[in-house]
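# Geometric and topological summary
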Amino acid sequence: MSGDAAHANPITVTTLRKMKRNAEKIVCLTAYDASFAALLETAGVEVLLVGDSLGMVVQGRETTVPVSMDEMVYHSAAVARGRRRALLMADMPFMSYATPEQALRNAARLMQEGGAHMVKLEGGAIQVETVAQLTARGIPVCAHLGLQPQSVHRLGGYRVQGRDEGAARQMLQDAKSLQAAGADVLLVESIPTTLAAEITGAVDIPVIGIGAGADCDGQVLVLYDMLGITPGHRPKFARDFMLGQTSVRAAVESYVLAVKSGVFPATEHGFN
Ligand code: KIV
């Protein structure tokens with residue numbers, strides 16, 4: 001995409017729904033600052049996720065749990081200053097949406113101070129009421145199912161979710177309930193490829209996957225994983241797109257192409 005194209009029609013929730021209907025893959029990456037926001041969207045990324053993964057990849061923390069509301073607002077505002085066209089989705093950090101009232105207050109901060117167009121929160125059935133309250137007041141919501149990193153201490157690690165039949169049926173039901181409550185997008189993380197395909201087929205709203213196979217409506221990766229600069233272990237579902245490239249822009253363009261054409265994720269990036 002050229003620089004001019006970055007100023008073309010902004011990506012909205014309506015665009016994402018249309019893309020799902022037309023079976024056009026949605027390309028998402030995390031972004032935490034203005035320079036990357038500008039580069040990513042001019043390379044063709046349609047959704048910029050200001051993920052609380054910034055706690056790990058930017059701040060060097062062990063989990064996303066310590067990330068604060070002020071930090072999310074700060075990074076979201078930086079990304080907002082760099083973008084022109086891409087939809088800006090921002091994470092609600094740990095314990096910033098424990099009640100619907102708290103969620104309303106903090107989602108308003110992400111939108112008013114952070115320039116977010118959509119907020120993302122982790123959780124299934126327990127978040128249905130909160131999602132209903134947010135969306136009824138005009139706040140677009142992405143509900144994050146499957147592996148929920150903010151619950152890592154409860155889960156005992158970053159484990160694939162929905163592998164047993166009961167958990168899979170519950171996740172499918174949660175996806176439908178969240179859609180009924182008004183969720184605009186679902187994000188599914190680290191779940192079996194077949195379950196992700198089933199969820200994607202069962203809802204009308206776009207489903208963006210990470211570690212969830214190629215059948216989702218779109219894909220997201222943590223930017224530093226796809227650039228191969230995450231220290232230590234890179235998750236099985238990520239691919240280093242810098243390999244064989246001579247610039248960050250070329251790597252991002254190759255990620256965009258790979259997602260759009262369905263080449264990424266490949267079978268080896270998914271779970272059974
Ligand atoms: O915080 C984040 O970057 C995320 C992705 C892992 C989807 O939620």
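Quick caveat: nothing in here was measured; it's all calculated off a predicted structure. (Residues numbered from 1 in each chain as written. Predicted model: local features only at pLDDT ≥ 70, side-chain atom pairs only at ≥ 80, totals over all residues. Heavy atoms only, no water.)

## Some remarks on the site of the ligand
The following threshold applies: Any residue with at least one heavy atom within 4 Å of a molecule or strand is counted as near it. We define a polar contact as two N or O atoms separated by no more than 3.5 Å, with the added condition that, inside protein, one atom must be a possible hydrogen donor and the other a possible acceptor, whereas residues neighbouring each other in sequence contribute only through side-chain atom pairs. The Shrake-Rupley method, run with a 1.4 Å probe sphere, supplies the accessible areas, and residue values consider only the shown protein chains as cover. Both cavities and pockets are sets of points on a 1 Å grid over the protein atoms alone; in a cavity a 1.4 Å probe fits but cannot get out, in a pocket the set is open with protein on both sides within 12 Å along at least five of seven lines, and lining residues sit with an atom within 4 Å of a point. The rule for placing a molecule in a cavity or pocket is simple: more than half of its atoms must lie within 2 Å of the grid points. Only Asp, Glu, Lys and Arg are considered charged in this grouping, and only Ala, Val, Leu, Ile, Met, Phe, Trp, Tyr, Cys and Pro are considered nonpolar; every other residue, Gly among them, is considered polar.
Taken together, Thr30, Leu49, Gly51, Asp52, Ser53, Asp91, Lys120, His144, Leu187, Glu189, Ile210 and Val222 make up the full set of residues adjacent to the ligand. One of the side-chain N or O atoms of Ser53 is found 2.5 Å from an oxygen atom in the ligand. Lys120 places a side-chain nitrogen or oxygen 2.8 Å from an oxygen atom of the ligand. Contact with the protein chains hides 95% of the accessible area of the ligand, taken as 260 Å² for the molecule alone. The site holding the ligand turns out to be the largest pocket. For the shell around the ligand, the per-class residue count stands at four nonpolar, four polar and four charged.

## Details of helix H4 (residues 69-82)
In plain terms, the rule: Here a helix means four or more residues in a row that DSSP labels H or I, a strand means two or more in a row labelled E, and each is numbered from the N terminus. Here the expected span of a helix is defined as 1.5 Å times the quantity of residues minus one. Burial status follows relative accessibility: with a 1.4 Å probe on protein chains alone, a residue under 20% of its type maximum counts as buried, one over 50% as exposed, and anything between as partly exposed. Contact criterion: two residues are considered in contact whenever any of their non-hydrogen atoms come within 4.5 Å of each other.
When the terminal C-alpha atoms of H4 are compared, their 20 Å separation across 14 residues agrees well with the 20 Å that a helix rising 1.5 Å per residue should span. Every buried residue of H4 is listed here: Met69, Met72, Val73, His75, Ser76, Ala77, Ala78, Val79 and Gly82. On its buried face, H4 is in contact with helix H2 (34-42), strand E2 (47-50), helix H3 (54-57), strand E3 (87-91) and helix H5 (100-112).

## A look at the side chain of Thr63
Mapped onto the fold, Thr63 is located in the loop between H3 and H4. There is a polar contact of 3.1 Å between the side chain of Thr63 and the backbone nitrogen of Val65.

## Examining empty space enclosed by the protein
Heads up, the condition is: Grid points are joined across faces, edges and corners, and a volume is the space filled by probe spheres set on the points.
Enumeration according to the criterion identifies one cavity of 30 Å³ or more in this entry. Its boundaries defined by the atoms lining it, the largest cavity holds a volume of some 40 Å³. Tallying contributions element by element places strand E8 (residues 218-221) first for the lining of the largest cavity, with three residues. Here the residues of the lining of the largest cavity sort into seven nonpolar, four polar and no charged.

## With respect to the nonpolar core
Note the threshold: The nonpolar core is taken to be a set of buried Ala, Val, Leu, Ile, Met, Phe, Trp, Tyr and Cys residues, with the residues joined through side-chain atoms within 4.5 Å.
Counting residues in each nonpolar core, the largest one holds 88 residues, and the members touching the most others are Leu186 and Leu221. Discounting residues that sit within four places of it in the chain, Leu186 has contacts with Cys142, Ala143, Leu145, Ala175, Leu178, Ile199, Val203, Ile205, Pro206, Val207 and Ile208.

## Focus on the packing of aromatic side chains
In plain terms, the rule: Ring pairs shown here join Phe, Tyr and Trp side chains whose ring centres sit within 6.5 Å, with only the six-membered ring taken for Trp; geometry is labelled stacked below 30 degrees between planes, edge-to-face above 60, and tilted in between.
Under the defined criterion, the tally for this structure stands at four aromatic pairs. Aromatic side chains Tyr32 and Tyr224 sit 5.7 Å apart centroid to centroid with 80 degrees between the ring planes, which places their arrangement in the edge-to-face category. With Tyr32 in the loop between strand E1 (26-30) and H2 and Tyr224 in helix H10 (residues 223-226), this residue pair connects regions lying 192 residues apart in the sequence. By relative accessible area, Tyr224 is classed as buried at 16%. Aromatic pair Phe241 and Phe264: ring centres 5.3 Å apart, planes at 80 degrees, arrangement edge-to-face. On the criterion of sequence distance, the pair formed by Phe241 in the loop between H10 and helix H11 (248-260) and Phe264 in the segment after H11 is long-range, its members being 23 residues apart. By relative accessible area, which is 3% here, Phe264 ends up buried.

## What about the sheet that holds E1?
The test is simple: Strand pairing is assigned whenever DSSP identifies at least 2 bridges connecting the two strands. Here an angle of 0 to 180 degrees is reported between the N-to-C directions of two axes, which are lines fitted to C-alpha atoms, with helices fitted over the stretch in contact.
Spatially, eight strands are ordered E1-E2-E3-E4-E5-E6-E7-E8 in a closed barrel, and the strand pairing comes out parallel. The average undirected angle you get between the axes of adjacent strands in this sheet is 25 degrees. As judged from the four bridges shared by strand E4 (residues 118-122) and strand E5 (residues 141-146), these two strands associate in the parallel manner. Of the residues in E5, the one forming a bridge with Leu121 is Ala143. Helix H6 (residues 128-136) rests against E4 and E5 of the sheet, and its axis sits at about 175 degrees to E4.

## Details of the pairing of strand E7 (residues 207-210)
Worth spelling out the cut-off: Looking down the strands as they point away from you, a crossover is right-handed if its path from the first strand over the helix to the second goes clockwise.
Residues Val207 and Gly209 point to one face of E7 and Ile208 and Ile210 to the other, with burial holding for every one of them. As judged from the four bridges shared by strand E6 (residues 185-189) and E7, these two strands associate in the parallel manner. Of the residues in E7, the one forming a bridge with Leu186 is Val207. Between the parallel elements E6 and E7, the chain passes through helix H9 (residues 193-202) in a crossover that is right-handed.

## A short note on the layout of surface pockets
Computed from the structure, the largest pocket encloses a volume of approximately 740 Å³. For the largest pocket, the lining is made up of 33 residues, of which Met56, Glu189, Val222, Asp225 and Pro235 are closest to its centre. Within the residue set of the lining of the largest pocket, elements represented by two or more residues are H3, E4, E6 and E8. By residue class, the composition of the lining of the largest pocket is 16 nonpolar, eight polar and nine charged.

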